[in-house]
Amino acid sequence: MATGRELLEKIAADQDAEAYRHEHWQGSFDEYLDIVRQHPQVTRSAHQRMYDMVVSYGSYPIEEGRRDGLLRYRFFDDPDHNGEDAIFGLTEPLSQLVSVFRSAALKYGSERRVLLLHGPVGSSKSTIARLLKRGLERYSRKPEGALYSFGWKQDDGSVIWDPMNSEPLQLVPHDQREKFCAILNEGRNPDKDYCVEIAGDVCPLSRFYFREKLAETGGDWIKVLDSIVVRRFFLSEADRIGVGTFQPKDEKNQDSTELTGDINYRKIAEFGSESDPRAFNFDGEFNVANRGMIEFIEVLKLDVAFLYDLLGASQEHKIKPKKFAQTDIDTVILGHTNEPEYRKLQSNEFMEALRDRTVKIDVPYVTKLAYELRIYEKDYNPRRVKGKHIAPHTLEVAAIWAVLTRLEEPKHHGLTLLQKLKLYNGKSLPGFTTENVEQLRREARQEGMLGISPRYVQDKISNALVNNADATCINPFMVLNELEAGLRHHSLIQSEEVRDAYRRLISVVKDEYTDVVKNEVQRAIAADEEALSRLCGNYIDNVKAYTQREKVRNKFTGQDEQPDERLMRSIEERIDIPETRKDDFRREIMNYIGALSLDGKKFDYKTNERLHKALELKLFEDQKDTIKLTTLVSNVVDKDTQEKIDIVKSRLIRDFGYNEESASDVLQYVASIFARGDAKRE
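Residues numbered from 1 in each chain as written. Predicted model: local features only at pLDDT ≥ 70, side-chain atom pairs only at ≥ 80, totals over all residues. Heavy atoms only, no water.

Now for the overall build of the chain. When helices and strands are counted, the chain shows 29 helices and 19 strands. In terms of overall dimensions, the chain is more spread out than a globule: its C-alpha atoms have a radius of gyration of 35 Å, far above the 26 Å expected for 682 residues. Its C-alpha atoms give the chain principal-axis dimensions of about 120 × 65 × 60 Å. In the chain, which comprises 682 residues, the share counted as buried stands at 49%. Restricting to contacts in the chain with at least 6 residues of sequence separation, those with at least 24 account for 69%. Per element, the accessible surface of the chain, about 35,600 Å² overall, is 47% carbon and sulfur. The positive charge centre, built from 102 side chains, and the negative charge centre, built from 116, are 2 Å apart in the chain. (Helix = DSSP H or I, 4+ residues; strand = E, 2+ residues; numbered from the N terminus. Rg over C-alpha atoms; globule rule 2.2 N^0.38 Å. Buried < 20%, exposed > 50% of the residue type's maximum accessible area, 1.4 Å probe, protein only. Contact = heavy atoms within 4.5 Å. Areas by Shrake-Rupley, 256 points an atom, 1.4 Å probe, with all protein chains shown as cover. Lys, Arg positive; Asp, Glu negative; His and termini not counted. Charge placed at Lys NZ, Arg CZ, Asp CG, Glu CD.)

Below, the structure written as structure tokens:
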């Protein structure tokens, strides 16, 4: 085993000192100008950088049940962390967000607005903000995302760095900027190429040093720039560089200096004045967030005094530190809030100015089952859940229930809430087109803004895993029981009427699950390939004879007989082929077989989904009694029957993902259903 020193030396050999020096570059102002000439993108605004960061990951079209489809930005799949913070669904709100970034990058006005993510608790608002912050951090470390700031060389060789990481070009005097930019942009096409623009001024501390150096050089600002050191820096929330986060505290304890910085009273004695910028800490969240972004958690809980800072920062791109003139900032302002707080904003006339400067983006709960299921599969999978099997459909039933609570009752006559869920999930139903589904969505304007949060479901899945410690697996009923029991104490359910409605949906989900597992057991019983092939061959022989008005040779007696109408109908009825349509269906089958024959292909019943299903159901009915599944309920099973049941169980394990315990449980459950059915018939 390697010693600690050998381990460190081995790791040290992999370090790239040259790459470190390149990333932490320092140079003169004129060297920085060379970088700007080659890569003008380093001078981008915060909104331009944000937009470029998102689109740098690429995009792909996604249908989402719409005719025109939507563009999905790969950034929100969190590819850098294997989907750890991936946003499932919500493609339309995320597209709206990126459209705002694009508008702001083009300086169409959105850069002067507060971006407000609005939605119910647990709808991924914080996750979106976290993705954007981490994305900016990573992007600043890439060559195409490099940022530069500056500092002032002191006589002792030290450097006082600009506390707000201002853009070095802001040191160019206003009357020289147009000429300066014209030179930097020579040879570039403004319609196609990125061109350098200089906006805003440096912070009060750098203004102080600039004036001091200007006096020393007799007003020669070019010589002032010789005392400048330019460096590359990285955005980092942990280091409070370019990424700020503000969370309101108790209203009585809110202090606006948390946003704009505060006086350093210990330095007043050294510099003699409260208005000396050297005696001020430019460490408020707005100061920190310059050149990057600031996240306001529960932004509408801010004290009114804070709102003036927020309005100035958004509309004018300026903040007002204590004892100093307004200071320019360049940052993306992103806030998020929930529905109750937003309703308070709408009813508060003193908040009118904020409402006018806000771009609201609704972030609802997921209303597509496939996406909701992926949320739970990310946290509860064999890689993360050790020593416990999650039976098939366990997470699915939880996801179905969660989505059902968020859907509005359909206005379409005869359409159930569960059918609406299936339509949203991409399933086809007779009489419903893509246009119909779009209409359903348009009619339900508040869909996804109410209902059960994924967090509640995750908590109950966790409870099911912990509370059933003796079981080798958890099954759908364990999770559904936890979901139902938790409703009694759910603090966000506002009325007993809603609570009762959610309980009724539990019953709907149980019925749906029952249909699913009955079908799986039927398929497992009827999964005898040889028996299915024999049944199919027999059916096709009879259909061929029927359509060609011939007789069928009885292999046992050797006699020619009329086609077995009873056999054919027993199969066709399984898939609801009415008597009036049997001739059409049989001709379709024979035409399909004939077309395959012309192409030199052989007919396989597995390629025809409807026929395959019909054969399985027919075989199941034929074999159900021989297996005597209902004997499982009485616990008295003979050896021959047990062998057949073990075969079915092995098929459930092999083909459907069950383990030994969950396969036994589901067989027992389905057997009890059949037993009740047999009792009713008697």
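Once that is clear, we can look at the nonpolar core. If you look at the biggest cluster of nonpolar residues, it comprises 91 residues, and the most contacted ones within it are Tyr-376, Trp-401, Val-457, Ile-461 and Leu-483. With residues up to four places along the chain from it excluded, the contact list for Leu-483 reads Ala-398, Trp-401, Tyr-456, Val-457, Lys-460 and Ile-506. (Core = buried A, V, L, I, M, F, W, Y, C linked by side-chain atoms within 4.5 Å.)

Below, the discussion takes up the packing of helix H17 (residues 394–406) against helix H18 (residues 417–424). Their axes nearest at 10 Å, the elements H17 and H18 cross at an angle of 105°. Viewed along their axes, H17 and H18 adopt a mutual orientation that is roughly perpendicular. Counting all contacts with H17, which are made through Ile-400, Val-403 and Leu-404, the residues of H18 involved are Leu-417, Leu-418 and Leu-421. (Axes fitted to C-alpha atoms, helices over the stretch in contact; angles between N-to-C directions. Parallel < 35°, antiparallel > 145°, perpendicular 65-115°, else oblique.)

In this section: unusual backbone geometry. A positive phi is found at Lys-107, a non-glycine position, where the angle reads about 60°. Its location among the elements puts Lys-107 in the loop between helix H5 (91–105) and strand S4 (114–118). Its relative accessible area of 38% is what places Lys-107 among the partly exposed residues.

Within the secondary structure, Glu-84 sits in the loop between strand S3 (70–73) and H5. The partly exposed category is assigned to Glu-84, whose relative accessible area is 46%. Sequence separation between Glu-84 and Leu-307 is 223 residues; the distance between their C-alpha atoms is 34 Å. For Glu-84, the contacting residues outside a window of four places in its chain are Asp-78, Arg-134 and Lys-378.

Here we have four strands laid out as an open sheet, ordered S1-S7-S5-S6, and antiparallel in their pairing. Two strands close off the open sheet at either side, each with one partner strand: strand S1 (26–27) and strand S6 (159–161). Summarising the sheet, strand S5 (residues 147–153) and strand S7 (residues 228–233) pair through six bridges and their orientation is antiparallel. Looking at S7, one finds that Ser-149 is bridged to Arg-231. Together, S5 and S6 form the strand contacts of helix H8 (residues 204–216), whose direction differs from that of S5 by roughly 50°. (Pairing = 2+ DSSP bridges.)

Burial runs high along S4: five of the five residues are buried. Two elements, S4 and strand S15 (residues 358–362), share five bridges in a ladder whose sense is parallel. Bridging across to S15, Leu-115 finds its partner in Val-359.

Attention shifts here to the pattern of salt bridges. Going through the model one piece at a time under the given rule, you end up with 37 salt bridges. For Glu-484, the salt bridge goes to Lys-510, with nearest N and O atoms at 4.0 Å. Here the residue Glu-484 occupies a position in helix H21 (residues 476–486), and Lys-510 occupies one in helix H22 (residues 496–525), the gap between them amounting to 26 residues. The partner of Arg-587 in a salt bridge is Asp-584, with the nearest N and O atoms 2.8 Å apart. Taken together, the positions of Arg-587 and Asp-584, both in helix H25 (residues 582–598) and three residues apart, correspond to about one turn of that helix. The class for Arg-587 is partly exposed, based on a relative accessible area of 44%. (Salt bridge = Lys/Arg side-chain N within 4 Å of Asp/Glu carboxyl O.)

With that out of the way, let us pick up the confidence of the model for the chain. Scored by pLDDT, the chain has a mean of 86; 91% of the residues are at 70 or more. For the chain, per-element mean pLDDT is lowest for helix H27 (residues 631–634), which scores 53, and highest for helix H4 (residues 46–55), which scores 96. Taken as a whole, residues 678–682 scores under 50 in pLDDT and shows two contacts with residues more than four places along the chain or in a different chain. (pLDDT = per-residue confidence, 0-100.)

Within H18, six of the eight residues are buried, leaving the element largely enclosed by the surrounding structure. Among all positions in H18, only Leu-417, Leu-418, Lys-420, Leu-421, Leu-423 and Tyr-424 are buried. Structurally, H18 contributes buried residues whose contacts are with helix H16 (369–379), H17, helix H19 (434–443) and H22. Once H18 ends, the next one or two residues include Gly-426, with phi positive near 100°.

On to empty space enclosed by the protein. Counted under the stated rule, the structure contains one cavity of 30 Å³ or more. When its volume is computed, the largest cavity comes out at roughly 30 Å³. What lines the largest cavity is Val-114, Leu-116, Val-299, Leu-300, Leu-345, Leu-354 and Thr-358. Considering only residue class, the lining of the largest cavity consists of six nonpolar, one polar and no charged. (1 Å grid on protein atoms, 1.4 Å probe; cavity = no way out; pocket = protein on both sides within 12 Å on 5 of 7 lines; lining within 4 Å. Points joined across faces, edges and corners; volume = space filled by probe spheres on them. Nonpolar A, V, L, I, M, F, W, Y, C, P; charged D, E, K, R; others polar.)

Let's shift gears to the sheet that holds strand S8 (residues 243–246). Whether parallel or antiparallel, the strands of a sheet pair through hydrogen bonds between backbone atoms. In spatial order, the strands read S8-S11-S14-S4-S15; together these five strands make up an open sheet with parallel pairing. In the strand order of this sheet, the two ends are held by S8 and S15, each with one partner. Going across the sheet, the axis of each strand differs from the next one's by a mean of 20°, ignoring polarity. Two elements, S4 and strand S14 (residues 332–337), share four bridges in a ladder whose sense is parallel. Considered in S14, the bridge of His-118 is made with Thr-337.

Most of S5 is tucked away, with six of its seven residues classed as buried. In this sheet, S6 lies alongside S5 in antiparallel orientation, the contact comprising three bridges. Paired with Gly-151 across the bridge in S6 is Trp-161. Counted along the chain from S5 to the antiparallel partner S6, the turn is five residues long, and its residue Gly-157 has a positive phi close to 90°.

A few words now on the packing of aromatic side chains. Aromatic ring pairs are described here by two measures, namely the spacing of the ring centres and the angle between the planes. All chains considered together, the criterion is met by 19 aromatic pairs. Their ring planes at 80° and their centres at 5.1 Å tell us that Phe-75 and Phe-76 sit as a pair that is edge-to-face. The same class applies to Phe-75 and to Phe-76, which are both buried. Plain terms: the ring middles of Phe-477 and Tyr-513 are 5.5 Å apart, the flat faces sit at 80° to each other, and that makes the pair edge-to-face. With Phe-477 in helix H21 and Tyr-513 in helix H22, this pair connects stretches of sequence that are 36 residues apart. On the basis of relative accessible area, Tyr-513 is assigned to the buried category, the value being 6%. If you follow Arg-231 out to its NZ or CZ, it ends over the ring of Trp-161, 4.1 Å from the centre. Over the face of the ring belonging to Tyr-546 we find Arg-586, whose NZ or CZ atom lies 4.5 Å from the ring centre. (Phe/Tyr/Trp six-rings, centres within 6.5 Å; stacked < 30°, edge-to-face > 60°. Lys NZ or Arg CZ within 6 Å of the ring centre and 35° of its normal.)

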